[in-house]
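Breakdown of the fold
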There are 2 protein chains.
Amino acid sequence: MEKMSIPKATLGRIPRYLSYLKELSPDKEPYVSATAISKALMLGEIQVRKDLALVSGIGRPRLGYETAVLIEQLEDCLGYKQLTSAVLVGAGKLGSALLQYGGFEHFGVKITAAFDRNDRVISTDSKTPILPMEQFDAFCKEHHILLGIITVGEGAAQEICDRMIQSGIKAIWNFAPCKLRVPEDVLLQSENLALSLAHLRNQLSHNRQNAKQ
Amino acid sequence: MEKMSIPKATLGRIPRYLSYLKELSPDKEPYVSATAISKALMLGEIQVRKDLALVSGIGRPRLGYETAVLIEQLEDCLGYKQLTSAVLVGAGKLGSALLQYGGFEHFGVKITAAFDRNDRVISTDSKTPILPMEQFDAFCKEHHILLGIITVGEGAAQEICDRMIQSGIKAIWNFAPCKLRVPEDVLLQSENLALSLAHLRNQLSHNRQNAKQ
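Presented here is an overview of the structure given in this document. (Residues numbered from 1 in each chain as written. Chains lettered and ligands numbered in written order. Predicted model: local features only at pLDDT ≥ 70, side-chain atom pairs only at ≥ 80, totals over all residues. Heavy atoms only, no water.)

**Considering the overall build of chain A**
Just so we agree on the cut-off: Numbering goes from the N terminus for both helices and strands, where a helix is a DSSP run of H or I of at least four residues and a strand is a run of E of at least two. Every radius of gyration here is taken over C-alpha atoms, with the globule rule written as 2.2 Å times N^0.38, N being the number of residues. Buried means the residue's accessible area, taken with a 1.4 Å probe over protein chains only, is under 20% of the maximum for its type, while exposed means over 50%, and partly exposed covers the values in between. Contacts were defined at the residue level, with two residues in contact if any of their heavy atoms lie within 4.5 Å. Accessibility throughout is a Shrake-Rupley quantity obtained with a 1.4 Å probe, and a residue counts as covered only by protein chains that appear here.
Looking only at helices and strands, one finds eight helices and eight strands in chain A. Relative to the 2.2 N^0.38 estimate, which gives 17 Å for 213 residues, the radius of gyration of chain A is 21 Å and therefore markedly larger than a compact globule would have. Considered along the principal axes of its C-alpha atoms, chain A spans approximately 60 × 60 × 35 Å. Classification of the 213 residues of chain A by burial places 49% in the buried group. For chain A, long-range pairs separated by at least 24 residues make up 57% of all intrachain contacts whose partners lie at least 6 apart in sequence. As displayed, chain A has an accessible area near 11000 Å², and 51% of this comes from carbon and sulfur atoms.

Set out below in structure tokens:
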């Protein structure tokens, strides 16, 4: 089957599907149906069917999905078999928080090194080494890094972005609160934290306005 | 006009609309059209029309929007007139990064205090005071806090969430990588950072797979 791009909401449900499927005994339940999964996880059946169709096709009539195969396909979506190595630039508070954050490896990404231009934060003792920017280009090329995380300030973000692209990076996760220019073949995902908060504030004031009416 | 809940994408464009409108001279340009705005900002006209309709209604035929009124309505959406006070619980690395982050006030939110159960991070010298958890309930009630930010670990998140709700908080921005239970009248927005990264990784591997074919 051609590999599909999986929507974020589906990806978010995959760990739940996996934890359910892994509790089944493969001998007794070689096949599992979307109906059974949706009941066990209290999810809508149509949603489960759509998710599984994206990951594994439509299943066998009356039987459903081969449990062992489905587990493998779901794990594949989360990159279990092949961790993607990422680098992070900007080991300030947000950068350090991301380095400390344990959840990425469950979703197939490992931050292999961080880089900073501030000599005082350089450290090779930590779980993830924090290296000087001078080593950035060589490191990325040597380790075939495809994924870069930008946690520098607004002023330096475009320069770091350009340098990432020059070093062969094809997907950028940007936390700097600014628009970045990338060529067409590079994926860019920006997290605008202020905007997320603004959205929540806006919903809150909307709710309160309506409550008063 | 009844206050509408504004989609996140629209909110994200409002600062651009405002910076354009504020450059106009109100004497010479008392009215501005969606067409003029879309041309100046190189945005699709339909998108601009939809955004402005949400914020200000449909405008006057042939004239468009009254510039000064539109500016006020857009500012209102971003909470310029009335900053919403928020509290943050968990002044670790991620919490500190959010406290340091300058962008929230542009979007109408001010973090007035942070709380932590670790005595060593308590500080009233910093721009935003970091207070002991014992003061949390009284602070929220006294300052009528409606918005809470959770940056504690997975293990403590539900307890903090419950405590926020007991203290009158009506909207929660959660960074802990777990599902939280909230009553129906409380807004919950969870930022699953691992999931964002997983999505980017997945698109990356999808693109590379297709490039090989």
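**Regarding helix α4 (residues 67-77) of chain A**
All names here are of chain A. The following threshold applies: It is the directions from the helix axis to the C-beta atoms whose arc is reported.
Buried residues of α4: T67, L70, I71, L74, E75 and C77, and no others. Buried positions in α4, seen along its axis, are confined to an arc of 150 degrees and lie on one side of it. A positive backbone phi angle near 70 degrees is found at G79, which sits one or two residues after α4.

**Thoughts on the relation of the copies chain B and chain A**
To keep it simple, the criterion reads: The copies were overlaid by least squares, fitting only the C-alpha atoms of residues that reach a pLDDT of 70 or more in each copy.
For the pair chain B and chain A, the superposition axis carries a translation of 0.0 Å, the fit reaches an RMSD of 0.1 Å, and the rotation angle comes to 180 degrees. Both copies of the chain, as the preceding transformation shows, are related through a two-fold rotation axis. Interface overlap between copies is the fraction of interface residues in one copy that are interface residues in the other; for chain B against chain A it reaches 100%, indicating a shared surface.

**Considering the packing of aromatic side chains**
Residue and element names in this part refer to chain B. Under the convention used in this document: Between 30 and 60 degrees the pair is tilted, below 30 it is stacked and above 60 it is edge-to-face, where a pair is any two Phe, Tyr or Trp rings, Trp via its six-membered ring, whose centres lie within 6.5 Å.
Across all of its chains, the model carries eight aromatic pairs over all chains by this definition. Their ring planes at 70 degrees and their centres at 5.5 Å tell us that F115 and F139 sit as a pair that is edge-to-face. Of the two residues, F115 is situated in strand β4 (residues 109-116) and F139 in helix α6 (residues 136-142); the sequence distance between them amounts to 24 residues. Here F115 matches F139 in class, with each residue buried.

**A few points about the interface of chain B and chain A**
Stated precisely, the cut-off is as follows: Two parts placed together each lose some accessible area under a 1.4 Å probe, and adding up what both lose gives the buried area. Every case where a carboxyl oxygen of Asp or Glu lies within 4 Å of a side-chain nitrogen of Lys or Arg is listed as a salt bridge. Each polar contact in these results corresponds to two N or O atoms within 3.5 Å; when the atoms are within protein, one needs to be able to donate a hydrogen and the other to accept it, and residues that are neighboring in sequence are counted only if both atoms are side-chain atoms. Classification convention: Asp, Glu, Lys, Arg as charged; Ala, Val, Leu, Ile, Met, Phe, Trp, Tyr, Cys, Pro as nonpolar; all other residues, Gly among them, as polar.
At the interface, 61 residues of chain B touch 61 residues of chain A. Both faces considered, chain B and chain A share a buried interface measuring about 5500 Å² in area, 68% of it formed by carbon and sulfur atoms. When the buried area of chain B at its contact with chain A is split by residue, L197(B), L200(B) and R201(B) rank highest and sum to 13% of it. If you look at where chain B meets chain A, you find zero salt bridges. Taken together, chain B and chain A are joined by twelve residue pairs in polar contact (both at pLDDT 80 or more). Of all the elements in the fold, those that place two or more residues in the side of chain B that touches chain A are α1 (8-23), α4 (67-77), α5 (93-100), β6 (147-150), β7 (171-174), β8 (187-190) and α8 (193-212) of chain B. When residues in the side of chain B that touches chain A are grouped by element, the largest group, 18 residues, is from α8(B). When its residues are assigned to classes, the side of chain B that touches chain A shows 29 nonpolar, 21 polar and eleven charged.

**Let's talk about the sheet that holds strand β4 (residues 109-116) of chain A**
As a reminder of what qualifies: Two strands are counted as paired when DSSP detects at least two bridges linking them. Working convention: axes come from line fits to C-alpha atoms, limited for helices to the stretch in contact. Angles between N-to-C directions cover 0 to 180 degrees.
Judged by pairing direction, the sheet is parallel, and its six strands sit side by side in the order β5-β4-β3-β6-β7-β8 (chain A) without closing on themselves. Looking at the sheet topology across the chains shown, the edges are occupied by β5 (130-132) and β8 (187-190) of chain A. Taken pair by pair, the neighbouring strands of this sheet meet at an average axis angle of 25 degrees, ignoring direction. Both strand β6 (residues 147-150) of chain A and strand β7 (residues 171-174) of chain A contribute to a ladder of four bridges, which runs parallel. Among the inter-strand pairings, I149(A) is bridged to a residue of β7(A), identified as W173(A). Contacting β3 (84-89), β4, β6, β7 and β8 of chain A, α8(B) runs over the sheet at an angle of about 170 degrees to β8(A).

**Notes on the pattern of salt bridges**
Residue and element names in this part refer to chain B. Inspection of every chain in the model, using the stated rule, returns twelve salt bridges over all chains. Between D51 and R13 there is a salt bridge whose closest N-O contact spans 2.6 Å. One end of the pair, D51, is in helix α3 (residues 45-56); the other, R13, is in helix α1, and 38 residues separate them in sequence. The exposure classification of D51 matches that of R13, with both residues buried.

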